[in-house]
Structure formats: C-alpha cells, structure tokens
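What follows is the residue order along each chain.
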Amino acid sequence: MMGFALYQAQLGGKHIAAKPLRGFKGAGVVEVVDDHDGDAFRAVYTVRFADAVYVLHAFQKQSKRGATTPKRDMDLIRDRLRMAQALSELRVGSRKGKSK
C-alpha cells in the first residue's frame, strides 16, 4: 500500500490513507500509516517541491501507546526536509542553466 500511495503522489494525487503530518505547516509533508500483521508502519514524504516526491523517513512504529511520532523521528524528518529542499534547489537550478 505504501508504494501505491507514493505512486499516486508522483501522479499528483493523494492516497486515501495519506494525511498531513502534524508539526509541519500545510499539507506539504504527508504521512501514510499501514498495519501489517499487527505492526504499524509509517512512511513520510513531501510534495512541496515541483521536481520530485521526496521520501523523508520510513519506519515501524514502536510504541503501542498513542499516535505521536517520537521526537527523534520528527527531528530526522525535519533534517531530511531541509536536505530535500537543498537538493530540489540544485536540481531546478541546474535545469535553468541548461535552458540558456
């Protein structure tokens, strides 16, 4: 299901199980939660940038209590979002340079 959700994001759509991740403004950072054999798995991606869908983190939810994403994971997602922004700017900038 996660792969299909990412495929839909690449096509500009949104999977029914995808929802904005709390702690990030707007709907640009999205979380998909899937249950498999009693375990919960999450994938977090961003559609903020025009050049690509960037998967920021994928992990198995460890805590059986609450739906809150642990601080360690949120910090990792924030760091990777910054890296995705820098990469996106490089990719878009390099395309602009080729069109001259």
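Residues numbered from 1 in each chain as written. Predicted model: local features only at pLDDT ≥ 70, side-chain atom pairs only at ≥ 80, totals over all residues. Heavy atoms only, no water.

K.L.:
I keep staring at the nonpolar core and nothing clicks. Help me out?
P.N.:
Among the nonpolar cores identified, the biggest contains twelve residues, and these are L21, F24, V29, V44, F49, Y54, L56, F59, M74, I77, L81 and A84. The dominant element in this core, judged by the number of residues it contributes, is helix α2 (residues 71-98), at four residues. Apart from residues lying up to four places away in sequence, F59 is in contact with A40, F41, R42, V44, T69 and D73. Core analysis: the second largest hydrophobic core is formed by eight residues, A5, V30, V32 and A43 among them. (Core = buried A, V, L, I, M, F, W, Y, C linked by side-chain atoms within 4.5 Å. Buried < 20%, exposed > 50% of the residue type's maximum accessible area, 1.4 Å probe, protein only. Helix = DSSP H or I, 4+ residues; strand = E, 2+ residues; numbered from the N terminus. Contact = heavy atoms within 4.5 Å.)

K.L.:
Would you take a moment to explain helix α1 (residues 2-10) for this structure?
P.N.:
Since the α-helix packs 3.6 residues into each turn, any two residues three or four apart lie on the same face. Where α1 is concerned, the buried positions are M2, A5 and A9. Down the axis of α1, the sector holding all buried residues measures 60°, keeping them to one side. Facing away from the buried side of α1 by over 90 degrees, the exposed positions are G3 and Q10. On its buried face, α1 sits against β2 (29-36) and β3 (39-46). (Arc of directions from axis to C-beta.)

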